[in-house]
Every structure is written in structure tokens, then in C-alpha cells.
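In case you want the letters, here they are:
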2 protein chains.
Amino acid sequence: MDVVAQMKNFLEPRSVALLGVSRRTGEGTYNILEYLLDYGYQGKIYPVNPNAAEILGVKTYPHIADINAQIDLAVVNLPRPLVPQVIRECVDKGIKSIIIATQGFADATDDEGKRLQKEIDTFVKKDGVRILGPNSLGVANPFINFSSSFIQLEMSKVPIGVVCQTGSFFGFVESRLLGKGIDLGNACDINFAESLAYFEQDDETKVVALHIEGLRDGRRFIEAAGRVACKKPVLALKAGKSEHAAKAVQSHTGSLVGSDGVWEAALKQSGVIRVRSSEELGDAATAFSLLPLMKGKKIAVVTSTGGLGVMSVDACEQFDLELAKLSSETTERIRALVPPWHNIGNPVDVWPGYIITKNPLTKVWTETLEAVLSDKEVAAVLFIWPVPVRHTIERLHHTLVKLVEAYPDKPLVCCLIGAHAEEARAVLQATGKIAVFYTPDRAVRVLSYLARYSAFRRSF
Amino acid sequence: MDVVAQMKNFLEPRSVALLGVSRRTGEGTYNILEYLLDYGYQGKIYPVNPNAAEILGVKTYPHIADINAQIDLAVVNLPRPLVPQVIRECVDKGIKSIIIATQGFADATDDEGKRLQKEIDTFVKKDGVRILGPNSLGVANPFINFSSSFIQLEMSKVPIGVVCQTGSFFGFVESRLLGKGIDLGNACDINFAESLAYFEQDDETKVVALHIEGLRDGRRFIEAAGRVACKKPVLALKAGKSEHAAKAVQSHTGSLVGSDGVWEAALKQSGVIRVRSSEELGDAATAFSLLPLMKGKKIAVVTSTGGLGVMSVDACEQFDLELAKLSSETTERIRALVPPWHNIGNPVDVWPGYIITKNPLTKVWTETLEAVLSDKEVAAVLFIWPVPVRHTIERLHHTLVKLVEAYPDKPLVCCLIGAHAEEARAVLQATGKIAVFYTPDRAVRVLSYLARYSAFRRSF
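Quick look at the relation of the copies chain A and chain B now. The two copies are related by a screw operation: chain A maps onto chain B through 180° of rotation and 0.0 Å of translation along the axis, at an RMSD of 0.0 Å. A rotation of that kind, with that shift, is consistent with a two-fold axis. For chain A, the smallest separation between a C-alpha atom and the rotation axis is recorded for A:E422, amounting to 5.7 Å. Of the residues that chain A buries at the interface, 100% are likewise interface residues in chain B, meaning the two copies contact each other through the same surface.

This is the structure we're talking about:
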């Protein structure tokens, strides 16, 4: 079986055996069967438990050998001393793809953990068997309502593929976006290279977000990441930078962290975009999932608050973007909306257009944004708007959707502030075409990623 | 009148005249009278409008001269050509404190703006008159339900004093915390020095957050900021760093930005904590408003996810904090909760304590946190918890409140992730004693401010 077919067994199983499923359900029972039924997974489910004939109405088998069917994937969540024997039974049954959730192997301090890990290792690639984990939540695939996670997830059908070394990213807080996900855990077998090969060919994934603590084969990783980066954006958060952090990684997933300088150079060379925090990873993934790439470095800022306009200028400098010199045609179109004494630059401060010239909000928004979007110098637009009242949200939505549809090649990022900003963000991002942040810095930063990745794609 | 008494006229007026109040109410009318009634301001309100006998049930006066009462503060929001004449009328009436909301003076491109500004300037300090603005939302004081802002605000009685050069900070998005606020606008008279003098003596303000674009008298600012910083933390976001940003500032508030290097040195020397973004300003203000200072640099991290534990180690290095070496007594207390093979370091990963040893959540939280909080080496604690189910929030709240009450001298910061993290944050921060962030980086960053400010305070 080639690597992609194998990874499809993990990500898109048509049938799954659950080893270590409890008869208890509800809070604190971590009952994966309960979650699968709740998600609405449509594949075959074979729970295994010698003490039950059925759990939650699903026929349950005493042993894996009793299941008389083809099984794409086994999910093992049993106490560690039982794991090797169960893996053997899975292999004997002909199962080729196995997720081990259990922890206490390479991540443990005792010899028994290391011994058990070695026992598991003997099954890897024997008869084509591949193992994901141990110490892993496994996979998530919202497109088929499936996850092997023993913590219930909130998944959405977003085109963001996540490969991580901690299950925390299955709860990806900042953007609350988890599309397909692979938690490598201790990564005794399946690693970044295999995961990247899957996402490379996956049409449901537009951008790949990596959380890396360490790995054994840096060359293989860089080769795979570089290959994928030529087709779709690959983002990487490399955690575990210091010596102290390396120790923490050792006890977390048992990986080797490597020198941070080497990582920096290798990621850069392969076209992978390195981010510095989980927040940045979420922001960048959101932006790439929603927006077109950006042609060039020059942006226009349309703001209703001069103060945040100034901050966006600082951010452009910090993140290596430029403020476009607006054409005189653009400037004249905007001039018609504001008092004659008002300075029109870039950032364009449109506030006096409502408050002094008394134009309707939607007129100012539409005409200003249309002016800058149609300006040849402008590759992307940052729109800054404080959302003081809730009922402007619908008008904002209506106005912006028309504009992004008319200018599909220019990314539009909003910076919204005020008490109703979160509500507005939810409405605007639901369009699938507009990204929203709460500070000019973070909005400008994502534009810089779009520009950088676009330059990389044009460089070969 | 001394500067504090004068500033009290602005921040704590017992009577206010409103010049330029509309008969129209509701959306888009920016009717400050409507907002004052809505906030529940208990002082006397004197609306002035020659075309109305009453507005919203409040007796209205044709001219300021018709008001037969003592007036602490006048708020002027009229078209710019009318402003100098109205100021004259206020001065003639004996009003000493005047806010000018109107824009189009030093911030305008035309000569008329500059001429009008000069006319206003002639009234400054004449007969003790002081002016806040123009181009300003004025002040906010939630403790007396008062704001001069012509945009309706959501204020809360938090001990954060804000001095800013853009009204955006009156909608302070990140923390949604605005206690008392002063928007300097173009700052033709009242500036940072006066505002700092007010906050220095104000018992309702524990931390002062500054947004600075530029100013005329750097020495006076630094002297005032340094004086206040010896008594309470002063945070500063200096915007407008580059040459391009300086131009944007010029058209925003007409201030001079100065060299960024000079700012850096001057702020540092005066004990002011410089932050790099509005987000950081909000985070730091939140932390100082909720938490005790931190004695030393050594923290303990208690986490239920090893991955975020590793990131917190990276963050400690980035923000110059250290992970405490836990005492053997502390380690032994924690060891009783987890499997024998589990590595106990710092970060302390307590996840196996629930999932393998099957202890109740509250037992693991209480015993681990108590162990690290009572460890002499530990100056502060970061607690990382993914909040997978909503009904753990109440237990978390109950557990943590008891702990912070038992250890009032050690800051406890939480990093919460997952779908219910925002809800949990609201509950925990409402205690007034626990600060919550969504990433380990931001949680560690605020601890570093607590440590740094505490070291500064101990240095003299």
C-alpha cells in the first residue's frame, strides 16, 4: 500500500475497531463510541469489550478476532501493559492502520515504558502495518464526521490541515478552526513526512499548519514540507527552543528538538512559513483558508480611526509591507466624501465622511473601498472599523461581500474593535471570503504571510 | 486651581453643559445627552440648543449664558467655525474646564484649521481655563457613570486608567476594560502630564495605560510618568515609529512623534513599561488590575497538556522568567497523584493524574496547585487547562478562588483553551483575583511585567 492510501486508512476509514471502549458514558468517561455517534460518523464501528454485548446500542465484540469484517483502522486506548498484545491481535486480524492513544511509553521515565515501546516498534511496517502514536489523540476529519480523539472535539469543515505533536491543537483555540488533523504523539512510526504526503494530495485542505517539537529524520521532513509548500502554504510552529524546553519535550513526546538555528534555516529554505506562537499559527491558517494570495507588498488601509491607522503603519514596517501610493483618481473619488480640509493619505481616514459630511456608512464604505480596490498599486486592503452598534453588522456584511466578490484577487482583511466585534467577526468569516482580526498588528501580519508566500510561489 | 482639582472638573464633574446636542436621538445621532441618561449620570446636565426647550425630558437652554448655575465642565461638539465663539461664551460664563470634541483644527490640512486652533489657544489658561481636545472623545468615568464621548461606551468599574491620543482606546478591544479614560485628541492644552497627575492621586486607579503618538514637551511627560511609576504601574504603547507613521500622526492629531530610540531610553529610565501593541497593553493592564506583584522571576507551570507546557518554557526564555526548581517535598506531593513512571518536572504535567490514575479533577488541581504555591522557590503560577466541557467551569472557579485567597501574594495566571475558554475566562476574571489568557505566551508575558515592575519598585 502506498503512503497516501495508508494515510487514507487513518483519515478516511470506512470501518473502525475501538479497543478499550468503556461501558460507561457521559462526562469523564472519554467514551469515543459516544462521540462518534454524536458526530454522525457513517462508517462501520466495531467496539471491543469482553464485558459487554452492546454499548450505546452498538453490537460489541469480546475480542478483535471475533469481528468478521474488513477493518480499515483500529484505535487502541487501553492501559499500557495490555497494548502490545492487542496490537498483535490487530496485526493478526490483518489490520494495517493502528492508532495508539495510551501514554507511558517513550514519554515515561521508567524502563518498562521503553521496553513496551520497543515491543510495539517490532510491529511497525511488518506486513505493511503502520502505527500512529502512542500518546496521541489520533486523527480528526470533519468531512466524514470522524475523530479517534478520546476527548470530544468541535470540528468544522474548514480547509486547514493540522499536524501536531500535542492534542491541544485539536482544540486550536485562537481561530477555533480545526479541519483535518493528525496528532503524532510520540511518533514511533507515522510522522510529519507521511502526514504531509496526505495533505499534499488532499483537495479538502488548502493550507497545512504544523506544530513541531522535534523529530528523528530532519532531512525527510524538510524534503516533504518543501514539496508540499510548492503546492499549498505550509505553516510551522517550532516549539522547544531552549535547553530547558528540550527537557520538557523529552518528557512530553520523547522527541529530539534539534538546534533552533538549523530549524530556522531549513524551514526558510523549503518555503515553509515559520510562525512564533500558537496564536500566529491560528491567524495565518485562518487567513490562508479564507483569502486569495497577494500580488506584491503594497496595501491600502481604510480606517475610521486615525489612531489604529497609525498603528497599522507601524505594523507594515514591522512585517515588511508597504503602504501603496494611491493614484490621484483614487484620491479624488475619496475626496468627494470628506470635508475639503481633510487630509487624504494612506491610511485613508474616512471618519469625517460620516461625522462631518454626514454620508451614510454604507456609502462611505463602498465608495472608499471600491476606490482603493480598483487602484492598480493596491494589492490588498486592510479595513479598520469600530463596531459601536450591533445593527451595523448586517450592513457591513452586505457591503463587504459585494466588494470581495467584485475584487476576488485582492485580499480584504478587517480589523474590528468594540463590544460587538466578535459577533461581526463570526458573521463576516462565515462568508468564507473575509478574514477578521481585532488588532491592526495581527491583521497586517497575516497580509505579510500572503505576500511572502505569493512571492515564494512566483520564485520558481 | 491646582492641576488635580482642575482634572477632577473633567473626570468627576458635578455639573456639565452640553454644547451641540441634537434634538434627534437614536442611531447615527451621536447624542451625548441620550447616553448620559442611559449611563445613569447623577450630576446636573445643561443641554444647550437654541431650537429646543427640552430634549429627552431635560430642560434645554438657548445659550450658555442662560444657565443660572455653577458649571464644572462644558462639552463642545459643534461645527468647527462655531467653536471659538462658543468657547468665549463658556469662558465668559466662568467655566474653567472645556472639552472640544470637534475635529478639523491642527489635524486639518487647511489654513482655516490652523487659524481656528490659534483662536482657541488664546483661551488656554486665561482666567484658569483649561481645554481638553480638540478632536477628542473627552473623558470616561464609570465610577460616576459619566462620559463626554459622542459614541456610546461600555464602561466598567475597573481600576485601569487610560490616557490616549485616539478614541479607539475608549473601546479598548482586547480586555474590554476601560476604567477611567482621558482622550487627549490634538492635546492643545491638557496633556499626559496633567492626566498622570490625576491618576497619581486617584484611589480608583491601580494601573495607568498610556497610548502615545507624540507630544511637545517630552521632559515634562517623563518627569510625570516617572513620578507615577514609583507609586503604581504605568504602561505605554508608543505608536508612530517610522517616518511614514510620523506623517500619519501629523494628519491624525498634529503631534510630533520624536525619535523612537529616545522614547525607548526615556521610558525605560522612568520605570514605565513599554508594550508593543494594543493587545499587549490590554493584557498587561488586565494583569496589573487583577494580580499581586511577583517577588522574583521564578514560576511554576501546572499543565494538563504537555505541548502547551513546552510552549510556556519557550515563553519564559523569551520574556526573561525562570522555571523554579521545585522542592523535593513539592515533587513528592504531586507524585502521589500520578503513575509512578510519570516524569515530574516543571512544567508539571498533571494529565496522567486524571486520565490514568483516575483522580477527580478538583483533587488534582487543588493538590498540585497547593504544592507549588506553598513552595518557597515559586513566585507565581501558570495554570494551563483545556476546558473541554462547560460544567467543569464552576468547579474550576470554586477551586481556584480558594487557592488565590489562601496565597494572596502569588499571582495565579491561567491559560485556558478550548471551546468554552471564553466563558471560563469571564467567570474567573469576575473574581477580580485571577487573570486568564488563551495562549501560554501571553500568560507568561504578563507575569514578566509583574516581575519587572516589582523589581523596579524594590530598586529604590
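Still more to cover.
The next subject is the sheet that holds strand β13 (residues 234-238) of chain B. All names here are of chain B. Ordered by their spatial adjacency, seven strands build an open sheet running β9-β8-β11-β10-β12-β13-β14, and the pairing between neighbours is mixed. What marks the edges here is a single partner per strand, and that holds for β9 (146-147) and β14 (273-275). Where strand β8 (residues 138-141) lies against β9, two bridges are found, and the strand directions are antiparallel. Note that in β9 the partner of A140 across the bridge is S147. Contacting β10 (160-164), β11 (181-183) and β12 (207-212), helix α5 (residues 192-201) crosses the sheet at an angle of about 170° to β12.

Moving on to the packing of aromatic side chains. Enumeration over the complete set of coordinates arrives at 30 aromatic pairs over all chains. Centroid distance A:W351 to A:Y354: 5.9 Å. Interplanar angle 75°. Geometry classified as edge-to-face. Placement of the pair is A:W351 and A:Y354 together in helix α12 (residues 351-355), with a separation of three residues, close to one helical turn. For A:Y354, a relative accessible area of 4% puts it in the buried group. Ring pairing ties together the aromatic residues A:Y30, A:F150, B:W351, B:Y354, B:W365, B:F383 and B:W385, which thus form one cluster. A cation over an aromatic ring shows up here: A:R425 above the ring of A:F437, its NZ or CZ 5.6 Å from the ring centre. In this structure, B:R425 packs its charged tip against the face of B:Y438, placed 5.3 Å from the ring centre.

All names here are of chain B. When you line up the elements, N31 lands in the loop between β1 (15-19) and α2 (32-39). With a relative accessible area of 1%, N31 lands in the buried category. Within the structure, the side chain of N31 is placed 2.9 Å from the backbone oxygen of S22, a separation counted as a polar contact. In this structure N31 touches V21, S22, R24, T25 and I55, once residues within four positions along its chain are discounted.

Turning our attention to the interface of chain A and chain B. Facing the 70 residues of chain A at the interface are 71 residues of chain B. Buried surface at the junction of chain A and chain B, both sides included, amounts to about 5,400 Å², of which 60% is carbon and sulfur. At the boundary of chain A and chain B, one finds two salt bridges. Note that A:R442 is salt-bridged to B:E279, the shortest N-O span being 2.7 Å. At the boundary of chain A with chain B, the tally comes to 12 residue pairs in polar contact (both at pLDDT 80 or more). Elements that contribute at least two residues to the side of chain A that touches chain B include exactly β13 (234-238), α7 (243-252), α9 (278-290), α10 (306-318), α12, α14 (392-406) and α16 (440-458) of chain A. Considering every element that reaches the side of chain A that touches chain B, the biggest residue donor is α10(A), with eight residues. Residues of the side of chain A that touches chain B, tallied by class, amount to 27 nonpolar, 25 polar and 18 charged.

Attention now goes to the packing of helix α1 (residues 3-11) of chain B against α5(B). All names here are of chain B. One way to put it is that α1 packs onto α5 with a least axis distance of 9 Å and a crossing angle of 90°. The angle between α1 and α5 falls in the class roughly perpendicular. Residues V3, V4, M7, K8 and L11 of α1 form the contact with α5, whose participating residues are E194, S195, A197, Y198 and Q201. Residues of the contact of α1 with α5, tallied by class, amount to six nonpolar, two polar and two charged.

Summed over all chains, the structure comprises 54 salt bridges over all chains. Among the ionic pairs, A:K180 bridges to A:D202, the shortest N-O distance being 3.0 Å. One end of the pair, A:K180, is in the loop between β10 (160-164) and β11 (181-183); the other, A:D202, is in the loop between α5 (192-201) and β12 (207-212), and 22 residues separate them in sequence. Exposure class is identical for A:K180 and A:D202. Each is buried. Several salt bridges share partner residues, and in doing so they unite A:E279, A:E280, A:D283, A:R442, A:R445, B:E279, B:E280, B:D283, B:R442 and B:R445 into one network.

We now examine the packing of α9(A) against α16(A). All names here are of chain A. Running from amino to carboxyl end, α9 crosses α16 at an angle of 60°, the nearest separation of the two axes being 9 Å. Judged on the interaxial angle alone, α16 and α9 are oblique. The interaxial crossing formed by α9 with α16 has right-handed handedness. Side by side, α9 and α16 meet where E279, E280, D283, A284, A287 and F288 of the first sit next to R442, R445, V446, Y449, L450 and Y453 of the second.

Turning next to the pairing of strand β15 (residues 298-303) of chain B. Residue and element names in this part refer to chain B. Where burial is concerned, most of β15 is hidden: five out of the six residues are buried. As paired elements, β15 and strand β16 (residues 322-323) share two bridges and run parallel to each other. Looking at β16, one finds that K298 is bridged to E322. Taken together, the two bridges between β15 and strand β17 (residues 348-349) define a ladder with parallel strand orientation. Pairing of V302 across the sheet is with V348, part of β17.

A separate point is unusual backbone geometry. Residue and element names in this part refer to chain A. Across the junction of G133 and P134, the peptide omega takes the value -10°, indicating a cis bond. The residue P134 is located in the loop between β7 (130-132) and β8 (138-141) in this model. At A187, a position not held by glycine, the phi torsion is positive, near 55°. Inspection of the secondary structure puts A187 in the loop between β11 and α5.

Residue and element names in this part refer to chain A. Where the polypeptide runs from strand β15 (residues 298-303) across α10 and back to strand β16 (residues 322-323), its parallel neighbour, the crossover connection is right-handed. The pairing of β15 with strand β18 (residues 380-386) spans five bridges and is classified as parallel. Residue pairing across strands places V302 opposite F383, the latter belonging to β18.

On to the confidence of the model for chain A. Mean pLDDT over chain A: 93, with 97% of residues reaching 70 or higher. For this predicted complex, the interface score ipTM comes out at 0.92, while the overall pTM is 0.94.

All names here are of chain A. With respect to the helices and strands, D107 occurs in the loop between β6 (97-100) and α4 (111-121). One buried charged side chain, D107, makes no salt bridge at all; its nearest oppositely charged neighbour is R80, positioned 7.3 Å away. Of the polar contacts made by the side chain of D107, one reaches the backbone nitrogen of F105; its length is 2.9 Å. A distance of 2.8 Å separates a polar atom in the side chain of D107 from a polar atom in the side chain of N186.

What counts, and at which threshold
- Residues numbered from 1 in each chain as written.
- Chains lettered and ligands numbered in written order.
- Predicted model: local features only at pLDDT ≥ 70, side-chain atom pairs only at ≥ 80, totals over all residues.
- Heavy atoms only, no water.
- Least-squares fit on C-alpha atoms with pLDDT ≥ 70 in both.
- Contact = heavy atoms within 4.5 Å.
- Pairing = 2+ DSSP bridges.
- Helix = DSSP H or I, 4+ residues; strand = E, 2+ residues; numbered from the N terminus.
- Axes fitted to C-alpha atoms, helices over the stretch in contact; angles between N-to-C directions.
- Phe/Tyr/Trp six-rings, centres within 6.5 Å; stacked < 30°, edge-to-face > 60°.
- Buried < 20%, exposed > 50% of the residue type's maximum accessible area, 1.4 Å probe, protein only.
- Lys NZ or Arg CZ within 6 Å of the ring centre and 35° of its normal.
- Polar contact = N/O pair within 3.5 Å; in protein donor to acceptor, adjacent residues only side chain to side chain.
- Buried area = accessible area lost by both parts, 1.4 Å probe.
- Salt bridge = Lys/Arg side-chain N within 4 Å of Asp/Glu carboxyl O.
- Nonpolar A, V, L, I, M, F, W, Y, C, P; charged D, E, K, R; others polar.
- Parallel < 35°, antiparallel > 145°, perpendicular 65-115°, else oblique.
- Left-handed = near helix turned anticlockwise from the far one by under 90°.
- Right-handed = clockwise from strand over helix to strand, strands pointing away.
- pLDDT = per-residue confidence, 0-100.
- Lys, Arg positive; Asp, Glu negative; His and termini not counted.

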